[in-house]
Amino acid sequence: MKFWPELIPSRRKISVRWSTGCSDNPSPWRWSANRTNRSSRSGGIPLSYLVNVKRQPGCEDVQLPQKMSELASGFDLYAAVAEPVTLQPGERSLIPTGIAIAMPPELEAQIRPRSGLAYKHGITCLNTPGTIDADYRGEIKVLLINLGQVPFTIERNERIAQMVFQTVPAVKLEVVDDLDDTARGAGGFGHTGTK
Ligand SMILES: O=c1ccn([C@H]2C[C@H](O)[C@@H](COP(=O)(O)OP(=O)(O)OP(=O)(O)O)O2)c(=O)[nH]1
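Residues numbered from 1 in each chain as written. Predicted model: local features only at pLDDT ≥ 70, side-chain atom pairs only at ≥ 80, totals over all residues. Heavy atoms only, no water.

Under an unreviewed UniProt entry, the protein chain has the name Deoxyuridine 5'-triphosphate nucleotidohydrolase and belongs to Paenibacillus oceani. Here the protein chain is described in UniProt, under the heading Cofactor (unreviewed entry), as follows: "Mg(2+)". According to its UniProt record, the protein chain has this under Sequence similarities (unreviewed entry): "Belongs to the dUTPase family." (UniProt positions renumbered as here; feature names shortened; annotations may be inferred.)

Below you can see the structure in the form of structure tokens.
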């Protein structure tokens, strides 16, 4: 497997890359379409990555994740449920998406709710944001919960959540006896009040 993280000079156009394997639409993986890179804002961090996507068996008809507008942060994820799943009020369910991914090690993917589902139906991700680790190769699943007042049914190929990629800094923990002082100190959990 190969990754293609790129450091792209300022003002250079990002090339368009296409994934393979999408049955009904050849273009959902156009992941960086002729946008001028703003590398001065990135501090030299690569602004584009290629993430490999693998369909799960029996999910050839399930839409691949896709951005619904050019500058959308997230790729919408589609439900790969074999049969419609009805969530009763207060009920939760792990919904398959029909895909697994492999991303560069400095990335994570966050699974976030869709605001429309949350606002209109009370459907959200229980563990938001869900964390997809760079070394995870299983099927991505979405833990949905119905916080609404009425049952909600999830159909196959319904857009249920979104996947946002983030960089994760390499961090090494070091145990010490004393921490540096700050004005806040140990104050937290609302110690500044509400107004
Ligand atoms: O919404 C989610 C959250 C997680 N995962 C997958 C990918 C992730 O890499 C793995 C483990 O997630 P996490 O670390 O949040 O779970 P855990 O409860 O700590 O389990 P584990 O002990 O397996 O790490 O499960 C999903 O598919 N969807």
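## Focus: the packing of aromatic side chains
Counting across every chain of the model gives one aromatic pair. Measuring from ring centre to ring centre gives 5.9 Å for Phe 75 and Phe 165, while their planes differ by 80°; the resulting arrangement is edge-to-face. Of the two residues, Phe 75 sits in strand S2 (residues 75–78) while Phe 165 sits in strand S11 (residues 159–167), which places them 90 residues apart along the sequence. (Phe/Tyr/Trp six-rings, centres within 6.5 Å; stacked < 30°, edge-to-face > 60°. Helix = DSSP H or I, 4+ residues; strand = E, 2+ residues; numbered from the N terminus.)

## A word on the UniProt feature "binding site: substrate" (unreviewed entry) in the protein chain
Here, the residues flagged by UniProt with the feature "binding site: substrate" (unreviewed entry) are Arg 114, Ser 115, Gly 116, Asn 127, Thr 131, Ile 132 and Asp 133. Assignment of secondary structure puts Arg 114 in the loop between strand S6 (107–112) and helix H2 (115–121). By relative accessible area, Arg 114 is classed as partly exposed at 22%. Those residues within four positions of Arg 114 in sequence are excluded, and the remaining contacts are Asp 76, Ile 123, Arg 159, Ile 160, Ala 161 and Gln 162. As for its position among the elements, Ile 132 is in strand S8 (residues 130–132). Not counting residues within four places of it along the chain, the set of residues in contact with Ile 132 comprises Ile 101, Met 103, Glu 108, Ala 109, Ile 111 and Ile 140. (Buried < 20%, exposed > 50% of the residue type's maximum accessible area, 1.4 Å probe, protein only. Contact = heavy atoms within 4.5 Å.)

## Considerations on the site of the ligand
Residues in contact with the ligand, as listed here, are Asn 127, Gly 130, Thr 131, Ile 132, Asp 133, Tyr 136, Glu 139, Ile 140 and Lys 141. In the model, an oxygen atom of the ligand is placed 2.6 Å from a nitrogen or oxygen of the Asp 133 side chain. Look at the ligand: alone it shows 570 Å² of surface, and the protein chains cover 48% of it. Residue contributions to the shell around the ligand peak at three residues, all from S8. Class assignment of the residues belonging to the shell around the ligand gives a composition of three nonpolar, three polar and three charged. (Near = heavy atom within 4 Å. Polar contact = N/O pair within 3.5 Å; in protein donor to acceptor, adjacent residues only side chain to side chain. Areas by Shrake-Rupley, 256 points an atom, 1.4 Å probe, with all protein chains shown as cover. Nonpolar A, V, L, I, M, F, W, Y, C, P; charged D, E, K, R; others polar.)

## Side note on a negative patch on the surface
Residues Asp 177, Asp 178, Asp 180 and Asp 181 make up a contiguous surface patch of negative charge. Inspection of the secondary structure puts Asp 177 in the segment after S11. (Patch = residues over 30% accessible without salt bridge, like charges linked within 9 Å, V, L, I, M, F, W, Y side chains within 5 Å. Salt bridge = Lys/Arg side-chain N within 4 Å of Asp/Glu carboxyl O. Lys, Arg positive; Asp, Glu negative; His and termini not counted. Charge placed at Lys NZ, Arg CZ, Asp CG, Glu CD.)

## Description of the sheet that holds strand S7 (residues 123–125)
Adjacent strands of a sheet pair through backbone hydrogen bonds, lying either parallel or antiparallel. Strand order in the open sheet formed by three strands is S4-S9-S7, with antiparallel pairing between adjacent strands. Each edge of the open sheet is held by one strand with a lone partner, namely strand S4 (92–96) and S7. Averaged over all neighbouring strand pairs, the angle between strand axes comes to 35°, with direction disregarded. Pairing analysis gives three bridges linking S7 to strand S9 (residues 141–146), with the strands arranged antiparallel. Paired with Cys 125 across the bridge in S9 is Leu 144. (Pairing = 2+ DSSP bridges. Axes fitted to C-alpha atoms, helices over the stretch in contact; angles between N-to-C directions.)

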